Amino acid sequence: MSFHVAPATVADAEAIARVHVQGWRESYAGLLNPASLAGLSVEERTRMWRQNLAETDPGRLALVGRNREGEIVGFAAGGPVRSEGAEPLGTDAEIYAIYLLDQAKRRGLGRTLMAGLFGHFVGHGFASAGLWVLKDNEAARRFYETLGGLAGPEQELELCGQRVTEIVYRFEPIPVLA
Ligand SMILES: CC(C)(COP(=O)(O)OP(=O)(O)OC[C@H]1O[C@@H](n2cnc3c(N)ncnc32)[C@H](O)[C@@H]1OP(=O)(O)O)[C@@H](O)C(=O)NCCC(=O)NCCS
């Protein structure tokens, strides 16, 4: 399967929200409680994405991956590091989110999306990038490690009504992915 990757626009907000919700349900089954996953709202996420995509900070970028039918099957977003949470990420840039539908996984789209974000970060003068991932999300951790990410500190937080542990992955320097 081949994919087309391009910057997201406000018009993509609802399609991204659908992938966001379905992506959480597919990827976090077994990690987060089923009732919370069932209760995720596409409408709420659409509002959130409309707002995010309307932001004009040039350091931020959201990318979408489309399949041959033109449907969005994955996305990634990043920008300047945010100061949320108790534990600082300790990098210049942050990967805010990356989600693919099951049907699009393991075909190189995740790597292409990360390559796009990394290229953007370097172009904006960021020297390091990082992210938080659920500690039990083994698949994503292997993915970040394959791209050269190094595990860092952990933090506990409340997510979907349960206590979870997240772990940092840092890319320093930011790799140039082919
Ligand atoms: C994690 C994710 C973004 C990876 O994207 P992807 O397109 O599936 O990964 P790629 O095909 O680009 O994989 C690149 C390499 O990473 C590694 N990798 C990717 N997924 C892996 C997995 N499940 N297990 C072990 N290694 C994996 C492999 O080395 C892979 O190369 P290979 O397929 O030639 O062996 C994607 O699976 C996803 O959206 N997962 C669910 C959402 C999620 O957990 N997001 C992270 C939130 S912090």
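Presented here is an overview of the structure given in this document. (Residues numbered from 1 in each chain as written. Predicted model: local features only at pLDDT ≥ 70, side-chain atom pairs only at ≥ 80, totals over all residues. Heavy atoms only, no water.)

Looking now at the environment of Glu-55. Note that Glu-55 resides in the loop between α3 (42-54) and β2 (61-66). Classification of Glu-55 as partly exposed rests on a relative accessible area of 43%. Considering only alpha carbons, one finds Glu-55 and Arg-106, 51 residues apart in sequence, at a separation of 31 Å. (Helix = DSSP H or I, 4+ residues; strand = E, 2+ residues; numbered from the N terminus. Buried < 20%, exposed > 50% of the residue type's maximum accessible area, 1.4 Å probe, protein only.)

The next point concerns helix α1 (residues 13-28). Between the first and last C-alpha of α1 there are 22 Å, a value that for 16 residues agrees with the 22 Å anticipated at 1.5 Å per step. Listed in full, the buried residues belonging to α1 are Ala-13, Ile-16, Ala-17, Val-19, His-20, Val-21, Gly-23, Trp-24 and Tyr-28. The positive-phi residue at the C-terminal boundary of α1 is Gly-30, with phi of around 95 degrees. (Expected span 1.5 Å × (residues − 1).)

Turning our eyes to something else, we now look at the pattern of salt bridges. Counted under the stated rule, the structure contains ten salt bridges. For Arg-66, the salt bridge identified is with Asp-12, shortest N-O distance 2.9 Å. Here the residue Arg-66 occupies a position in strand β2, and Asp-12 occupies one in the loop between β1 (4-7) and α1, the gap between them amounting to 54 residues. Given a relative accessible area of 23%, Arg-66 falls into the partly exposed group. Since its relative accessible area comes to 9%, Asp-12 is described here as buried. For Glu-14, the salt bridge goes to Arg-18, with nearest N and O atoms at 2.7 Å. With Glu-14 and Arg-18 both in helix α1, this residue pair falls four residues apart, about one helical turn. On the basis of relative accessible area, Glu-14 is assigned to the partly exposed category, the value being 36%. For Arg-18, a relative accessible area of 47% puts it in the partly exposed group. (Salt bridge = Lys/Arg side-chain N within 4 Å of Asp/Glu carboxyl O.)

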